[in-house]
Each structure stands twice: as structure tokens, then as C-alpha cells.
Amino acid sequence: MSWTTTVHPWSYDFDYLGHLTAAVYPKAFEQARVEYLRDRWKTRSPAYVVAAHRMQYLREILEEDGPLRVVIRPVRLGRSSIDLAELLLDAKGTVCNRSEATLVAWDVEARGPRPLTAGERDALEDDVDHTPASQPSAGSDPCRHTGD
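Here goes a summary of the coordinates provided. Predicted model only: the values in this text are computed from it and were never measured.

1. Let's talk about the overall build of the chain
Moving on, step 1. Along the backbone of the chain there are two helices and six strands.
Moving on, step 2. Here the chain holds 148 residues, and 39% of them are scored as buried.
Moving on, step 3. Restricting to contacts in the chain with at least 6 residues of sequence separation, those with at least 24 account for 66%.
Moving on, step 4. Accessible surface, the chain: about 8300 Å² in total, of which carbon and sulfur atoms supply 52%.

2. A look at the packing of aromatic side chains
Moving on, step 1. Throughout the structure, instances matching the rule amount to three aromatic pairs.
Moving on, step 2. Here Trp10 and Tyr12 contribute two aromatic rings whose centre-to-centre distance is 6.0 Å and whose plane-to-plane angle is 5°, an arrangement assigned as stacked. Just as Trp10 is exposed, Tyr12 falls in that class too.
Moving on, step 3. With centroids separated by 4.7 Å and ring planes inclined at 75°, the aromatic side chains of Tyr25 and Tyr57 adopt a geometry described as edge-to-face. Separated by 32 residues along the polypeptide, Tyr25 in helix H1 (residues 24-41) and Tyr57 in strand S2 (residues 48-57) bring together distant segments of the chain.
Moving on, step 4. For Tyr25, a relative accessible area of 4% translates into the label buried.
Moving on, step 5. Accessibility expressed as a relative area gives 42% for Tyr57, which makes it partly exposed.

3. Structural notes on the nonpolar core
One recurring pattern in soluble globular proteins is that nonpolar side chains are buried together.
Moving on, step 1. Judged by nonpolar contacts, the single largest core of 27 residues is most densely connected at Ile82 and Leu88.
Moving on, step 2. Ranked by residue count, the leading element in this core is H1, at eight residues.
Moving on, step 3. Those residues in contact with Ile82 that lie beyond four places of it in its chain are Trp41, Pro74, Arg76, Leu77, Ala101, Thr102, Leu103, Leu116 and Leu124.

4. Description of the side chain of Glu86
Moving on, step 1. With respect to the element layout, Glu86 can be found in strand S4 (residues 81-89).
Moving on, step 2. Its relative accessible area of 0% is what places Glu86 among the buried residues.
Moving on, step 3. Side chain to side chain, Glu86 and Arg33 meet in a polar contact 2.7 Å long.

5. Remarks on unusual backbone geometry
Leave glycine aside and you will find that most residues have negative phi; peptide bonds, for their part, are mostly trans.
Moving on, step 1. Following Gly66, the chain continues to Pro67 via a peptide bond in cis, the omega torsion being 0°.
Moving on, step 2. Of note, Pro67 is situated in the loop between S2 and strand S3 (68-77).
Moving on, step 3. The backbone phi angle of Lys42 is positive, close to 55°, even though this residue is not glycine.
Moving on, step 4. As for its position among the elements, Lys42 is in the loop between H1 and S2.

6. Considerations on the pattern of salt bridges
Moving on, step 1. With the rule as written, the count across this model stands at eleven salt bridges.
Moving on, step 2. Of the charged contacts, one joins Arg40 and Asp39 as a salt bridge, the two residues approaching to 2.4 Å between their closest N and O atoms.
Moving on, step 3. Asp39 serves as the salt-bridge partner of Lys42, at 4.0 Å between the closest nitrogen and oxygen.
Moving on, step 4. The exposure class of Lys42 is exposed, given its relative accessible area of 68%.
Moving on, step 5. Exposure remark for Asp39: the relative accessible area of 27% places this residue in the partly exposed category.
Moving on, step 6. In this structure, a network of salt bridges that share partners links the residues Asp39, Arg40, Lys42 and Asp127.

What counts, and at which threshold
- The residue numbers shown here count from 1 along each chain, following its written sequence.
- Selection of residues for local features in this predicted model requires a pLDDT of at least 70, selection of side-chain atom pairs for listing and counting requires 80 or more, and totals for whole chains, interfaces and linings are taken over all residues.
- Side-chain figures throughout are based on the complete set of non-hydrogen atoms in the structure, without hydrogens or water.
- Helix and strand labels come from DSSP, where a helix needs a run of H or I of at least four residues and a strand needs a run of E of at least two; each type is numbered from the N terminus.
- Summary of the burial criterion: residues with accessible area below 20% of their type's maximum are buried, those above 50% are exposed, and those between are partly exposed, where the area comes from a 1.4 Å probe applied to protein chains only.
- Contacts are assigned to residue pairs that have any heavy atoms within 4.5 Å of one another.
- The method behind every accessible area is Shrake-Rupley, applied with a 1.4 Å probe, and residues are considered shielded solely by the protein chains displayed.
- Note on ring pairs: Phe, Tyr and Trp rings are taken, using the six-membered ring of Trp, and paired if centres are within 6.5 Å. Classes follow the plane angle, with under 30 degrees stacked, over 60 edge-to-face and the rest tilted.
- Think of a nonpolar core as a cluster: buried Ala, Val, Leu, Ile, Met, Phe, Trp, Tyr and Cys residues, connected wherever their side-chain atoms sit within 4.5 Å.
- Polar contacts, as counted here, are pairs of nitrogen or oxygen atoms within 3.5 Å of one another; within protein the pair requires one atom able to donate a hydrogen and one able to accept it, and residues that are adjacent in sequence qualify only if both atoms are side-chain atoms.
- Counted as salt bridges are all cases of a side-chain nitrogen of Lys or Arg within 4 Å of a carboxyl oxygen of Asp or Glu.

See the structure below:
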């Protein structure tokens, strides 16, 4: 199951060419990840770090294209990590950026990775896309089905 949130860029997030600056894309994804994990883990401060993040810019975003939506779907749960498939869509639902991120559960006191707790894992398990990547089906985009 996918999870969706709305992002409202500020006018200063757009550059002199009129499009969303490259620095805002990872900020939008990070804002959405925090909201997603707050929602799923029922905590104000989800303890994780971003270990890897890869983005593909597909279409420019103009100020009039907002508000924007971020769609998140976990695709793998490891011992201490979570792989996410993410999309950034304009107000019309056009995919403007595709993202893959690996998050690692973080021990704030020890300053290092920690295993996901049973509660954290259970809270994410229903969202995981179990479709094998080597056998895509029609409409198998991990973030295709969205709902607020």
C-alpha cells in the first residue's frame, strides 16, 4: 500500500528559470519520510538516517504546478534498513521525480545503526511491495496506487 502527503513549496524554492530548484527535491522527500514514519511508528521523532538516496528528474516543476504530492512505498525491510520507492507528483498527478532511498534505523544514544524493533517492522510490513522486480505486472509501479 502506498502512502501520500502534500508538499507546499515556498516561492523562494523556485529559481530564476522559474522551476523548482534541485535542492528542494530531497527536502520534499525527507519531509514526507518523516511524516510517513511518524504516522506508521506513532512517534514524534522517528530515529533513522538516510544511508542512500538516488533521484531521477523526469519533468520540471513550475510554481503553478503545485501543490505537490509525495508518494512513498517501502519495497524491502532489512534487519536495520528500509528501502523506499518514492514519487514526486505535480497537482495534476504527473510524475516529476522518481526516488529510491535506503533508511537505517538509528540508535540516538550509541550514535549508530540499530535493528528495527518488532513494532516498527510490523507497522511497515503491510505497506511493503512484494511484487518481484524481475516480473513486473501491469501497473506494477510501487507508488502507483495512492490515497490520502
